[in-house]
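# Observations on the three-dimensional arrangement
These are the residues of each chain, in order.
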Amino acid sequence: MTLKSKPYEEVQVLLVEDSPDDAELTMRSLSSLKLENEFVWVKDGVEAMDFLMGEGKYSSRNKSNKPKLILLDLKLPKLSGIEVLERIKNDEQLRTIPVVAITSSQEDSDLEACYDLGVNSFVTKPIDYKDFIEATQKVSLYWLLVNKTT
């Protein structure tokens, strides 16, 4: 799936997902909502932090323009989703961004670690295609339309 090419300042959803298949499903789900929310897909934890901090290939991005929502996989290369979550929630500028862990993990230890670090929601990825689409749409609708942020 090709993302619309927009300036990073317009990004409202940051999708942090290493699986191209899961990223494709999530992007289709978001696109089908027709919410006009722009999203960026990054493939690992280091790239996620580079995007958020305006570093590396994202050094020209104005980091004060924060996404409205981060959809975060936990099992990521280079820097795990839990490590990314910890860095986000410990950063004065980033900690107010809602972070939803969307993961295949069903480990109680991952659930507990995420909530201890301040995750806003924890969703286990459904295996069924239709259930996956429905879950990502519900999560996105809530955090983008219902929830109010600063």
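Analysis parameters
Residues numbered from 1 in each chain as written. Predicted model: local features only at pLDDT ≥ 70, side-chain atom pairs only at ≥ 80, totals over all residues. Heavy atoms only, no water. Buried < 20%, exposed > 50% of the residue type's maximum accessible area, 1.4 Å probe, protein only. Helix = DSSP H or I, 4+ residues; strand = E, 2+ residues; numbered from the N terminus. Pairing = 2+ DSSP bridges. Right-handed = clockwise from strand over helix to strand, strands pointing away. Patch = residues over 30% accessible without salt bridge, like charges linked within 9 Å, V, L, I, M, F, W, Y side chains within 5 Å. Areas by Shrake-Rupley, 256 points an atom, 1.4 Å probe, with all protein chains shown as cover. Salt bridge = Lys/Arg side-chain N within 4 Å of Asp/Glu carboxyl O. Lys, Arg positive; Asp, Glu negative; His and termini not counted. Charge placed at Lys NZ, Arg CZ, Asp CG, Glu CD. Axes fitted to C-alpha atoms, helices over the stretch in contact; angles between N-to-C directions. Parallel < 35°, antiparallel > 145°, perpendicular 65-115°, else oblique. Left-handed = near helix turned anticlockwise from the far one by under 90°. Contact = heavy atoms within 4.5 Å. Nonpolar A, V, L, I, M, F, W, Y, C, P; charged D, E, K, R; others polar. 1 Å grid on protein atoms, 1.4 Å probe; cavity = no way out; pocket = protein on both sides within 12 Å on 5 of 7 lines; lining within 4 Å. Points joined across faces, edges and corners; volume = space filled by probe spheres on them.

### Things to note about the pairing of strand S3 (residues 69–72)
Burial of the side chains of S3 extends over both faces: Leu 69 and Leu 71 are buried on one face and Ile 70 and Leu 72 on the other. Here S3 runs beside strand S4 (residues 99–103); their pairing, made up of three bridges, is parallel. Looking at the pairing, Leu 71 lines up with Val 100 of S4. At this point the chain moves from S3, through helix H3 (residues 81–89), to the parallel S4, and the crossover so formed is right-handed.

### Some details on a negative patch on the surface
On the surface, a cluster of negative charge is made up of Glu 107, Asp 108, Glu 112 and Asp 116. Structurally, Glu 112 is set in helix H4 (residues 108–117).

### Comments concerning the packing of H3 against H4
It is the contact of H3 with H4, at a shortest axis distance of 9 Å, that shows an interaxial angle of 15°. When the axis of H3 is compared with that of H4, the two are roughly parallel. When the axes of H3 and H4 are compared, the crossing they make is left-handed. Along its contact with H3, which presents Ile 82, Leu 85, Glu 86 and Lys 89, the element H4 presents Asp 110, Ala 113, Cys 114 and Leu 117. Among the residues making up the contact of H3 with H4, the classes are represented as five nonpolar, no polar and three charged.

### Overview of the pattern of salt bridges
Tallied over the entire structure, the rule returns nine salt bridges. Note that Glu 17 and Lys 125 form a salt bridge whose closest N and O atoms lie 2.8 Å from each other. Of this pair, Glu 17 sits in the loop between strand S1 (11–16) and helix H1 (20–32) while Lys 125 sits in the loop between strand S5 (121–124) and helix H5 (129–146); the two residues are 108 residues apart in sequence, bridging distant segments of the chain. Taken individually, Glu 17 and Lys 125 each receive the classification buried, so the pair is uniform in this respect. A salt bridge links Lys 57 to Glu 47, with the shortest nitrogen-to-oxygen separation between them at 3.2 Å.

### Section: empty space enclosed by the protein
Going through the model one piece at a time under the given rule, you end up with one cavity of 30 Å³ or more. Of the pockets and cavities examined, the largest cavity occupies roughly 50 Å³. Lining the largest cavity, in full, are Leu 15, Val 16, Glu 17, Thr 26, Leu 71, Leu 72, Asp 73, Ile 102, Lys 125 and Phe 132. If you list the elements that add at least two residues to the lining of the largest cavity, you get S1 and S3.

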